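# Architecture and fold: a report
Spelled out, the chains give:
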There are 2 protein chains.
Amino acid sequence: MQPAFRKVVIFGVGLIGGSFALALRKAGAVGEVVGFGRSATTLQQAKQFGIIDRMGEDVAHEVADASLVLLATPVAQMADIFMRIAPHLGAHTLVTDGGSTKSDVVVAARTNLKDRIAHFVPAHPIAGAEQSGPAAALEELYQGKKVVLTPLPENSKEAVARVRKAWELCGAMVSELTSQQHDEVFAAVSHLPHLLSFALVHDLAQRDNRDQLLSFAASGFRDFTRIAASSPEMWRDISLANREALLQEVKRYADELYVVYQALQNNDAAKLEEIFSLAREVRSAWTQQ
Amino acid sequence: MQPAFRKVVIFGVGLIGGSFALALRKAGAVGEVVGFGRSATTLQQAKQFGIIDRMGEDVAHEVADASLVLLATPVAQMADIFMRIAPHLGAHTLVTDGGSTKSDVVVAARTNLKDRIAHFVPAHPIAGAEQSGPAAALEELYQGKKVVLTPLPENSKEAVARVRKAWELCGAMVSELTSQQHDEVFAAVSHLPHLLSFALVHDLAQRDNRDQLLSFAASGFRDFTRIAASSPEMWRDISLANREALLQEVKRYADELYVVYQALQNNDAAKLEEIFSLAREVRSAWTQQ
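All residue numbers refer to positions counted from 1 along the written sequence of the respective chain. Note on labels: chains are lettered from A, ligands numbered from 1, in written order. Only residues with pLDDT of 70 or above have their local features reported here, since the model is predicted, and side-chain atom pairs are shown and tallied only from 80 upward, although totals for entire chains, interfaces and linings are computed over all residues. Only hydrogens and water are removed before side-chain values are computed, so all heavy atoms of the structure are retained for them.

An unreviewed UniProt entry lists chain A under the name prephenate dehydrogenase, with Sideroxydans lithotrophicus as the source organism. Recorded in UniProt under Catalytic activity (unreviewed entry), the annotation for chain A is "prephenate + NAD(+) = 3-(4-hydroxyphenyl)pyruvate + CO2 + NADH". UniProt positions are given in the numbering used here, feature names are shortened, and annotations may be inferred rather than shown by experiment.

When the copies are overlaid, the least-squares fit takes in C-alpha atoms only where the residue has pLDDT of at least 70 in both copies. For the pair chain B and chain A, the relating rotation is 180 degrees, the translation along its axis is 0.0 Å, and the fit reaches an RMSD of 0.0 Å. Given the turn and translation reported, the copies of this chain are related as if by a two-fold rotation axis. Within chain B, Phe 224 of chain B has its C-alpha nearest the rotation axis, a separation of 2.1 Å. In this assembly, 100% of the residues forming the interface of chain B have copies in chain A that are likewise at the interface, indicating an isologous arrangement. Contacts were defined at the residue level, with two residues in contact if any of their heavy atoms lie within 4.5 Å.

Sheets are built from strands paired through backbone hydrogen bonds, the pairs being either parallel or antiparallel. Residues and elements named next belong to chain B. Taken in spatial order, the three strands of this open sheet run S6-S7-S8, and their pairing is mixed. Looking at the sheet topology across the chains shown, the edges are occupied by strand S6 (123-125) and strand S8 (173-176). Between one strand and the next, the sheet's axes are offset by a mean angle of 20 degrees, whatever the strand orientation. Two strands are said to pair when DSSP picks up at least two bridges between them. The helix count covers DSSP runs of H or I at least four residues long, the strand count covers runs of E at least two residues long, and both are numbered beginning at the N terminus. Relative to S8, strand S7 (residues 146-149) is paired through four bridges, and the arrangement is parallel. The partner of Val 147 across the bridge, within S8, is Val 174. Axis definition: a line fit to C-alpha positions, over the contact stretch in the case of helices; interaxial angles, taken between N-to-C directions, run 0 to 180 degrees. Sitting on the sheet, helix H6 (residues 157-169) touches S6, S7 and S8, and the angle it makes with S8 is about 145 degrees.

Across the contact, 81 residues belong to chain B and 81 residues belong to chain A. Buried area: the accessible area, evaluated with a 1.4 Å probe, that two parts lose upon being put together, summed over both parts. Buried surface at the junction of chain B and chain A, summed over both partners, amounts to about 8,400 Å²; 69% is from carbon and sulfur atoms. Sorting the residues of chain B by area buried against chain A places Phe 216, Phe 276 and Arg 283 of chain B first, and these three jointly supply 9% of that buried surface. By salt bridge we mean one thing: a side-chain nitrogen of Lys or Arg within 4 Å of a carboxyl oxygen of Asp or Glu. The tally of links from chain B across to chain A stands at eight salt bridges. Between Arg 226 of chain B and Asp 223 of chain A there is a salt bridge, and its shortest N-O distance comes to 3.3 Å. We call two N or O atoms a polar contact when they sit within 3.5 Å, provided that within protein one can donate a hydrogen and the other can accept it, with sequence-adjacent residues counted only if both atoms are side-chain atoms. Inspection of the chain B/chain A interface yields 26 residue pairs in polar contact (both at pLDDT 80 or more). Breaking the side of chain B that touches chain A down by element, the ones donating at least two residues are S7, helix H7 (179-205), helix H8 (210-215), helix H9 (219-224), helix H10 (232-241), helix H11 (243-265) and helix H12 (269-285) of chain B.

Another point: the sheet that holds strand S3 (residues 54-55) of chain B. Residues and elements named next belong to chain B. The sheet built from five strands is open, its strands ordered S3-S2-S1-S4-S5 with parallel pairing. Of all the strands in the sheet, just S3 and strand S5 (94-97) have a single pairing partner and so form its edges. Pairing of strand S1 (residues 5-11) with strand S2 (residues 30-36), which is carried by six bridges, proceeds in the parallel orientation. When the bridges of S2 are listed, Ile 10 appears paired with Gly 35. On the sheet, helix H1 (residues 15-26) packs against S1, S2 and strand S4 (68-71) and is oriented at approximately 165 degrees with respect to S1.

Quick look at the domain arrangement of chain A now. All names here are of chain A. Residue ranges assigned to the domains are those given by an automatic or database domain assignment. Entries for chain A in the domain assignment read domain 1 (5-177) and domain 2 (181-285). Taken together, the 10 residues of domain 1 in the interface contact nine residues of domain 2. With both chains or domains summed, domain 1 and domain 2 bury close to 840 Å², and 66% of this area falls on carbon and sulfur atoms. If you sort the residues of domain 1 by the area they bury against domain 2, Ser 100, Thr 101 and Leu 177 come out on top, with a joint share of 51%. Counting every contact that joins domain 1 to domain 2 gives zero salt bridges. Applying the counting criterion to the domain 1 and domain 2 interface returns three residue pairs in polar contact (both at pLDDT 80 or more). Of the residues assigned to the side of domain 1 that touches domain 2, the class counts are three nonpolar, five polar and two charged. Throughout this entry, Asp, Glu, Lys and Arg are counted as charged residues, while Ala, Val, Leu, Ile, Met, Phe, Trp, Tyr, Cys and Pro are counted as nonpolar. The remaining residues, Gly among them, count as polar.

This is the structure we're talking about:
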C-alpha cells in the first residue's frame, strides 16, 4: 500500500516540524521526509534522530514533487520561505504551517504565494513545550492535542481534508476557525495570560527588595508565573504578530481589574465573593481538552 | 523525658491545625492535644484521625494549664477566640496562629488579649493545599515549608524562641518579619497573583463565547489560572484583611500593564523583549525555597 503522503518536505526540523515527521512515520503515512533548516548541524541531528531521510539542497527541486510541505520555522521566517517555494509548487503539492498566529501568516502567504495561495491550508498545533530543537521532537507530541486549521476561501475541500488528514495521522484533534477567530481566541486564552505573567515578574524584578519578595513566593506564584519563563523572542514575535487582538484584550483586562480594584476599595465583600465565585466555578468546570 | 509541649490546645482542627498536631506528635513533642471547633462532627473526625486526644468542653479550664494554644480557624473568627481565652491564659501559656494575614490578626489580638498580648506570637505557615478539614491534615505538611513569625514588641525572647521551636518541630523553616512587612510581601507574591488569576477567568466567564474560548485553552492557561479555583470566601477575607497593601499592589500592577500596553501599541519590539527577558531571567533563577 502507498503511504498517504509519498514525500513530505519540512522547513524547520525542531520540536514542531520534527514531531510532525516522527508522528507521520510512526503512522506509516509518509514515504520520504526531506528537511530544510538554517543550520547544517541541526539538519544532521534531525537525520541522526530519524526525523528526516535526507537534507534538502535545492528547494525548487524538492517541492516540485512533494505531497506536503510543512513550514515549522518561527513565523518571521515564513514570508521568505513562501516566496522561495511559490514558483515551484507541484500541481498536487499542499502546504501547511505550525505558526501560533494565523492572520499574519496568511498575509505573508497571500503576498508571496500569490496565485498559488490555494495550496496553503494554515494550521496551529496547540502543543507547546519547554524544549526546542530536533532533540525535543517526540512522535507522540500531537497525540490527543488540538490542531486548529484556518482554511482560506481559495482552498478546495479536498485540500483542507488532506491537510486535516495529515494532522489527524499525527494523533491530533483537528478543528476549524477563521484566521481572525483564531487570533481573537488565542489572544484571550493564551497571549494575554503570557503577557500578564511576564508583567508580574517584571514588576517584582525591578524592586529593591526583590530577593526578599521571591524568597517568600510559594506554589501559587510558581504556577501563575510558570509561563513567564517562556522564550522572550518568541513571545515578542507572537505579541506583535497578534497586536490588534492582544491590545483589545489588555484593554478589556484593565477594565476588569478596575472593577476588582473598586470592589476592594469600597470594602465590597459581596462583590469580591461574586467575582471569585464565578471564576472558581468556571475554572473548576474547565478541564483541558 | 518530658515532651517539649505538655499540653497543646487547638482551635480549628482542619488542615492547618490538624497538621500542626500530627507533626508535633510525630516529633514526640506533645503530651496531650485538646481540640475546639465549631462542629462536633469535625472534632469527632479529628479524634478518629489521631489529631486530638479529646474534644475540649470548657475553654477557661483548658487554656489555663496549656503550654501552647494554636488558633487555626479562619481569621474572621480569631477576635472572638482571643476574647474568650484572654482572662484564662496561664502564666506560661503561649498563643500562636496560622492566619495568612498578620496586621489584622495583631489588631484583633491587641483589642481582645489586652494586657495579655505578650503571650501571643503571630505566625503564618506558608503551606496551602487544595483540601481542607481534618481528613486533609498531614503530619508532613510543614516539612521544609516556610513559617513566618511576626513577633510583637511585647513578646519576650523566650516566648518567640518557644513558638519558633514548635513550628520547627513540625519541620518548618522559620523566619521573622514585622506584621507590616509580612503583609506587604504577601500582597505582592501571593494575594496579587490570586486576584489577577481570578480576574482573568471572571472576564472570560462573562463572554458569550466563553465555551469556545475555554475549549482552546491549554497548559499556559491551566497553570496561570490554577489559583482561580481557590476558595472564594477565603480569598474575599484575605483581600479585605490585607486591603491597603493589596490596593497598592493592584495600582502598581496596572501601571506596569500600561507600560506593556504602550510597548505593544508602539510596535516597540525591543521594549517588549526587554520586559519579557528580565521576567524570564528572574523567574528561571527562582526556585521555590
